[in-house]
Amino acid sequence: MKNKVLDTKKEKEKAVIVGVAFNKIGVNFDKELEELSSLCFTSGIQVVASTYQNIKEQNASTLLGSGKVDEISQLVKQFDADVVVVDCELSGSQINNISNQVNAKVIDRSMLILDIFAGRATTNEGRLQVKLAQLKYSLPRISALSSNSGKFGGGVGMRGPGETKLELNKRIIRDEIVKLEKEISKLKQQRFIQKSERKKNRVKQVAIVGYTNAGKSTLMNTITKAGIYADDLLFATLDTTSRTLWLGENKKIILVDTVGFIDKLPHAFIQAFNATLEETVDADLLLHVVDISDRNYLDKIEVVNMVLKEIHADKIPMIYVYNKTDKLNKPFEVPENTVPISAKNNNGIELLKEKISQILFNED
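This write-up is about the structure you can find in this document. (Residues numbered from 1 in each chain as written. Predicted model: local features only at pLDDT ≥ 70, side-chain atom pairs only at ≥ 80, totals over all residues. Heavy atoms only, no water.)

**Here's the deal with the overall build of the protein chain**
Stated formally: Helix and strand labels come from DSSP, where a helix needs a run of H or I of at least four residues and a strand needs a run of E of at least two; each type is numbered from the N terminus. Here, residues are in contact when the closest pair of their heavy atoms is within 4.5 Å. Per-residue and other accessible areas follow the Shrake-Rupley method at a 1.4 Å probe size, with only the shown protein chains counted as cover for residues.
Assigned secondary structure in the protein chain consists of 12 helices and 10 strands. Contacts spanning at least 24 positions in sequence make up 70% of the contacts within the protein chain whose residues lie at least 6 apart. For the protein chain, the exposed surface amounts to about 18600 Å²; the carbon and sulfur share of it is 47%.

**Details of the side chain of Gln 53**
Heads up, the rule is: N or O atoms closer than or at 3.5 Å make up a polar contact, with two conditions inside protein: a donor-capable atom paired with an acceptor-capable one, and, for residues adjacent in sequence, both atoms drawn from side chains.
The residue Gln 53 is located in strand β2 (residues 45-55) in this model. A distance of 3.1 Å separates the side chain of Gln 53 from the backbone nitrogen of Gly 65, its partner in a polar contact. Aside from chain neighbours lying at most four places away, what touches Gln 53 is Gly 19, Val 20, Ala 21, Phe 29, Leu 64, Gly 65 and Lys 68.

**Notes on the sheet that holds strand β5 (residues 204-210)**
Inclusion rule: In this scheme, strands are said to pair when DSSP sees at least two bridges between them. Lines fitted to the C-alpha atoms define the axes, with helices restricted to the stretch that makes contact. Angles between their N-to-C directions range from 0 to 180 degrees.
Read from one edge to the other, the open sheet built from 6 strands follows the order β6-β7-β5-β8-β9-β10, with strand pairing classed as mixed. At either end of the open sheet lies a strand with only one pairing partner, and these are β6 (241-246) and β10 (338-340). Strand-to-strand twist across the sheet, computed as the mean angle between neighbouring axes with direction ignored, equals 25°. With 3 bridges joining them, strand β9 (residues 318-323) and β10 adopt parallel strand pairing. Each bridged residue has a counterpart across the sheet, and for Tyr 320 the counterpart in β10 is Thr 338. Along the sheet, helix α8 (residues 216-224) contacts β5, β6, β7 (252-257) and β8 (285-291); its crossing angle with β7, the most-contacted strand, is approximately 150°. On the sheet, helix α11 (residues 297-310) packs against β5, β8 and β9 and is oriented at approximately 150° with respect to β8.

**A look at the pattern of salt bridges**
Rules: One side-chain nitrogen of Lys or Arg within 4 Å of one carboxyl oxygen of Asp or Glu is enough to make a salt bridge.
For the structure on display, the rule yields 16 salt bridges. Notably, a salt bridge pairs Lys 300 with Asp 294, separated by 2.5 Å at the nearest N-O pair. Among the ionic contacts, a cluster of salt bridges with common partners joins Glu 32, Glu 35, Asp 87, Arg 109 and Lys 264.

**A word on the nonpolar core**
Rule in force here: Definition used in this section: a nonpolar core is a set of buried Ala, Val, Leu, Ile, Met, Phe, Trp, Tyr and Cys residues joined via side-chain atoms within 4.5 Å. Buried residues are those whose accessible area, probed at 1.4 Å on protein chains only, stays under 20% of the maximum for their type, while exposed residues exceed 50% and partly exposed ones sit between those limits.
The biggest cluster of nonpolar side chains holds 62 residues, and the ones touching the most others in it are Val 84, Val 85, Val 102 and Leu 308. Of all the elements, helix α4 (residues 109-120) adds the most residues to this core, at 7 residues. If sequence neighbours within four positions are ignored, Val 102 has contacts with Val 69, Ile 72, Ser 73, Val 76 and Val 84.

**Some details on the packing of helix α1 (residues 29-42) against α4**
In plain terms, the rule: Crossings are sorted by hand: turned counterclockwise from the far helix by less than a right angle, the near helix makes the crossing left-handed, and turned clockwise it makes it right-handed. Basically, the charged four are Asp, Glu, Lys and Arg, the nonpolar ten are Ala, Val, Leu, Ile, Met, Phe, Trp, Tyr, Cys and Pro, and anything else, Gly included, counts as polar.
Contact pair α1 / α4: the axes reach a minimum separation of 9 Å and the direction vectors enclose 35°. Where α1 crosses over α4, the handedness of that crossing is left-handed. Each of Glu 35, Leu 36, Leu 39, Cys 40 and Thr 42 in α1 lies in contact with α4, whose residues at this interface are Arg 109, Leu 112, Ile 113, Ile 116 and Arg 120. By residue class, the composition of the contact of α1 with α4 is 6 nonpolar, 1 polar and 3 charged.

**Structural notes on the pairing of strand β1 (residues 13-22)**
Among the 10 residues in β1, 8 count as buried, and that is most of the element. When β1 meets β2, the two strands line up parallel, connected through 10 bridges. Bridge assignment links Lys 14 to a residue of β2, and that residue is Gln 46. Where β1 meets strand β3 (residues 83-86), 4 bridges bridge the pair, whose relative direction is parallel.

**A look at unusual backbone geometry**
For Asn 103, which is not glycine, the phi torsion reads 60° and is therefore positive. Relative to the elements of secondary structure, Asn 103 occurs in the loop between α3 (92-102) and β4 (105-108). When its relative accessible area of 55% is taken as the criterion, Asn 103 is described as exposed. A positive phi angle, near 60°, is found at Asn 250, a position not held by glycine. Position of Asn 250 among the secondary structure elements: in the loop between β6 and β7.

**Details of α11**
Applied cut-off: Any helix carries an expected span of 1.5 Å times its number of residues minus one. Regarding the arc, it is the one traced by the directions from the helix axis to the C-beta atoms.
With 14 residues, α11 should reach 20 Å at 1.5 Å per residue; the first-to-last C-alpha distance of 20 Å fits that figure. Among the residues of α11, Ile 301, Val 303, Val 304, Val 307 and Leu 308 are the ones counted as buried. Taken around the axis of α11, the buried residues stretch over an arc of 160°, which confines them to a single face. The exposed residues of α11 that point more than 90 degrees off its buried face are Leu 298, Met 306 and Lys 309. Backbone geometry just downstream of α11 places His 312 in the positive-phi region, at approximately 65°.

**Here we look at the packing of aromatic side chains**
The criterion, for reference: For Phe, Tyr and Trp, rings pair up if their centres lie within 6.5 Å, where Trp contributes its six-membered ring, and each pair is then called stacked (planes under 30 degrees apart), edge-to-face (over 60) or tilted (otherwise). The rule for a charge over a ring is simple: NZ of Lys or CZ of Arg within 6 Å of the ring centre, and within 35 degrees of the ring normal.
According to the stated counting rule, one finds 3 aromatic pairs in the structure shown. Ring centres 4.3 Å apart and planes at 20° place the aromatic pair Phe 29 and Tyr 52 in the stacked group. Taken as a pair, Phe 29 in helix α1 and Tyr 52 in strand β2 lie far apart in primary sequence, 23 residues in all. Judged by relative accessible area, Tyr 52 falls into the partly exposed class, the value being 44%. Measuring from ring centre to ring centre gives 6.2 Å for Tyr 322 and Phe 332, while their planes differ by 40°; the resulting arrangement is tilted. Separated by 10 residues along the polypeptide, Tyr 322 in strand β9 and Phe 332 in the loop between β9 and β10 bring together distant segments of the chain. Residue class for Tyr 322 comes out buried when judged on its relative accessible area of 6%. Aromatic rings pair up to connect Tyr 297, Tyr 322 and Phe 332 into one cluster. In this structure, Arg 141 packs its charged tip against the face of Tyr 137, placed 3.9 Å from the ring centre.

Structure follows, in structure tokens:
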């Protein structure tokens, strides 16, 4: 028998990305596709072509119109694409039907985000939460996901702690979900004990929140020397990190770096990460970090505020932290209760500390 030579070089999957809106007027598809492209880049996918559709009447079978599916099929063929990424949530049958017509693996936005989550979780709790989110998402789509995985191999959308469950039946998946929820509940109880100790010792908690890639982890590193992994990628960090920070004599706080928010994040994901998001809900103050160099920063502020409302954290006092000022070439208006900084260059950090101290310790 001849020895087989294994090619260990891993080529990136090539993708056609599809923007979707539902009968919207004035939708900015450039913005939508830019974020989807960034998600693909973060997941290691090469975007080779893009298209979009403003759907007036939904096709139950494929969601997209038949003409658009034909166009996608031609793009797949033209660019030899491996995967089609659709920028909305698809049902199992829609995944299967589109896949069969375009002759490529099909994933939706949620599957792409889950794939990124799977690669970013480093702690036990983070992995448990990702696995729970994957299984909850997979359960109603099990046939379609198994078919996609078997026909076109693994890769994006099929990776992470939940991938081995795709071949299992629904009863086993439901049992696994219950098991994971119990494990996460135990960790939640441990955190409750820790929170009780903090409250007993009257230690204030400040949560850093914001849209993904706004610079939350960089701020955490700069202000506390935490040494957290930070990169110019969406969801560069996924796990919650806490550090002690002294703002002066008898002014000790716990600073918490939380998972980034993103537009169109399914409710099931928020439920799966409920234990982590509780760190935000229990905070005495929120630092809402905003990438002020992003031309769509106002839209992203709105997305974060909507998620905060969904998890009942919208009544907590908040400071807007306008980050990445080093990337701006011209002056900008600083609204009230906003601190401009460059976490990367350590600019404005002392002013931010002063503002935190004023709010938490009732200083004039």
